[in-house]
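So the chains spell out like this:
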Amino acid sequence: MIHRSWMRSQGFGPDVFDGRPVIGIATSASELAPCNAHLGRVAEAVKRGVWQAGGFPLAFPTMATGETLMRPTAMLYRNLMAMEVEELIRANPLDGVVLLSGCDKTTPAMLMGAASVDLPAVMVTGGPMLNGKYRGQDVGSGTHVWKFEEELKAGRMTEEECFFAEGCMARSNGHCMTMGTASTMACLAEALGMQLPGSATWPAVDARRFETGQDAGRRIVAMVEEELTPSKILTREAFENAIRVNAAIGGSTNAIIHLLAIAGRLGVPLAMADFDELGRVVPTLLDLMPSGRFLMEDFCYAGGLPVVMRQLSEAGLLHDGALTVTGKPLADNVSGAECWNSEVITAVREPFQPAGTGTAVLTGNLAPDGAVVKQSAASPELLTHTGPALVFETAEDYHHAVDDPDLDVTPDTVLVIRGAGPKGYPGMPEVANVPLPAKLLNQGVTDMVRICDGRMSGTGYGTVVLHVSPESAVGGPLALVRTGDLITLDTPARTLTLRVSDEELAARREAWERPASPYVSGYTWLYTEHVTQAHQGADFDFLHGRRGPGVPRDSH
Ligand code: FES
Ligand code: MG
């Protein structure tokens, strides 16, 4: 009675309590996360589907980690959102759940939480914005922000032009429409088998975005009957498929951290080396910004992710039998996918970029647990480079120096930015692709090697070595680099080397002191105490694993 009576206050008749599946719709809609602002409408479409299939839908809000507004970084809150999603799904009497996400961190957060509960779950991402259009030219979210800022700085664009351009760039609901982290994670949710085929690419305002929501609503009711839980879908094979798809779409480097974190929730063994090994043989098929020319709308009209997956499957690069939310193996979902534009989705035989040119995983005495470099966003001539380090303790220190006309820097300099790892910042922000020093920009230099323990926006570019692990704040070798030390980046050999003797490094380590953390209470304290390193997914150590849906005790 206590369950029914209060629910009836919302106008539900007694007939809905006949034992039909109760489907939660976890909605990360928020005006503070503009990429997710329209998810309420998607939830309505999902509800229609749930009712049609004989379920009882109940939407509930989760927190939303908006990439653009949250400080110090939305990544600081991904784990908090994942905790909230997990606890809400478990604590309420749900039989299955539909996960509505959009902006970068919201997709992995929901998958992490749902994986730990392991009730039947299907994801519906909110879809990308329409292509940006500025003066007859397509402009991509993120990617063009960085470009326009550089143009403004170099005096090639006025402030008025920038104001006008920003409205042209974000002209509809939806998440970033470049192949940034949000588009990447939407595609990987589909590649993992957790969202319906084709669902990742429908623009946020396209009628078919709502159709796919309705289909997901229908499907989740059947999934409850089939007891099709995330742990049956999110297997090692599914993660291997996602890694290969990430390489084929030229996906965000952030996907590495998120996939490691999701895998950790299911106890699926996954390591940084897997990304290099599995990705190395996969050509990049998509010609999308930030590495290429097109945007998500073009990808959608070209046939969407099923075309990419069919091609990989035909080339023997996927585990065809991996189970998906459709209840069918992956190959069945994508075998009929047709390509309508082979400039946007290129063929495996004639790819946009050949195999081996995607994101590379580096190791060496500067990154014993790994680091990554997105080759497709880098300058080929810098991927093998030796130069003297110019070290900055924090990203802020660098920003103070960036305009100094006397900065001791040449195009050969390797900029080292430390203090940007998970514990050090905290939250591992997207500050690694720092802008070039004004002195070099004025000389027409367009790229230089940068090394950082932080992340880079999925829409960013440059020869930037990211995710250096362990991070400087826990005494990783990055903490020991001094200005003037030579550093060698050898991407073909997958190494990152500090050319300083072992004895000298040992002496520096001896003298190194761990900086005191200013956080003694609150969530940020919890975060710095428990976050794992980048190569482990930067999840909380106490959240690893699957805890299941069981609730041991009653409330009244
Ligand atoms: Fe939300 Fe890019 S800022 S997806
Ligand atoms: Mg982003």
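In every chain, residue numbers begin from 1 and rise along the written sequence. To read the labels, note that chains go from A and ligands from 1, taken in the order they are written. At least 70 in pLDDT is required for a residue's local features to be given in this predicted model, at least 80 for side-chain atom pairs to be given and counted, and no such filter applies to totals for whole chains, interfaces and linings, which use all residues.

(A) Highlighting the overall build of the chain. The helix and strand tally for the chain stands at 19 helices and 14 strands. Within these notes, the globule rule equals 2.2 Å times the number of residues to the 0.38 power, and the radius of gyration is based on C-alpha atoms. Against the compact-globule benchmark of 24 Å for 556 residues, the chain has a radius of gyration of 23 Å, which places it among compact chains. For the chain, the spread of C-alpha atoms along the three principal axes comes to 75 × 55 × 50 Å. Partly exposed residues are those whose C-beta has more than 12 but fewer than 20 other C-beta atoms within 10 Å; 20 or more makes a residue buried and 12 or fewer makes it exposed, with C-beta atoms placed from the backbone. Here the chain holds 556 residues, and the buried ones make up 57% of them. Numbering of helices and strands starts at the N terminus; helices are DSSP runs of H or I of at least 4 residues and strands are runs of E of at least 2.

(B) Representation of the nonpolar core in the model. Membership of the largest hydrophobic core comes to 167 residues, with the highest contact counts inside it found for Val98, Leu259 and Val308. Broken down by element, the residue count for this core peaks at nine residues, all from helix α11 (residues 254-266). An automatic or database domain assignment supplies the start and end points of every domain. Among the domains, domain 1 (1-130 + 172-335) and domain 3 (358-511) are the pair contributing at least three residues each to this core. When residues no more than four places from it in sequence are discounted, the contact partners of valine 98 are Ile23, Ile25, Val46, Val122, Val124, Ala216, Gly217 and Ile220. Buried Ala, Val, Leu, Ile, Met, Phe, Trp, Tyr and Cys residues whose C-beta atoms connect them within 7 Å together make up a nonpolar core. Residue pairs qualify as contacts under a 7 Å threshold applied to their C-beta atoms, which are placed from the backbone.

(C) Geometry of the packing of helix α7 (residues 181-191) against helix α10 (residues 236-249). Axis angles are defined between N-to-C directions and span 0 to 180 degrees, where every axis is a line fitted to C-alpha atoms and, for a helix, only to the segment in contact. It is at 9 Å that the axes of α7 and α10 come closest, and there the two elements cross at 140 degrees. In terms of their interaxial angle, α7 and α10 are classed as oblique. As α7 packs across α10, the resulting crossing turns out to be right-handed. Counting all contacts with α7, which are made through Thr184, Cys187, Leu188 and Ala191, the residues of α10 involved are Asn241, Ala242, Val245, Asn246 and Ile249. Ten residue types, Ala, Val, Leu, Ile, Met, Phe, Trp, Tyr, Cys and Pro, are classed as nonpolar, four, Asp, Glu, Lys and Arg, as charged, and the remainder, Gly among them, as polar. A per-class count over the contact of α7 with α10 returns six nonpolar, three polar and no charged. Should an angle lie under 35 degrees it is considered roughly parallel, over 145 roughly antiparallel, and from 65 to 115 roughly perpendicular; all remaining angles are considered oblique. Crossing chirality is assigned from the near helix's rotation relative to the far helix, an anticlockwise turn below a right angle marking it left-handed and a clockwise turn marking it right-handed.

(D) Main features of the UniProt feature "domain: Dihydroxy-acid/6-phosphogluconate dehydratase C-terminal" (unreviewed entry) in the chain. UniProt positions are given in the numbering used here, feature names are shortened, and annotations may be inferred rather than shown by experiment. Taking the numbering used here, the UniProt-annotated feature "domain: Dihydroxy-acid/6-phosphogluconate dehydratase C-terminal" (unreviewed entry) corresponds to residues 343-538. Measuring from the first to the last C-alpha atom of residues 343-538 gives 37 Å, for a span that is 16% helix and 23% strand.

(E) Examining the UniProt feature "domain: Dihydroxy-acid/6-phosphogluconate dehydratase N-terminal" (unreviewed entry) in the chain more closely. Following the UniProt record, the feature "domain: Dihydroxy-acid/6-phosphogluconate dehydratase N-terminal" (unreviewed entry) maps to residues 20-333 here. This span, residues 20-333, is 48% helix and 9% strand, and a straight line between its end C-alpha atoms measures 28 Å.

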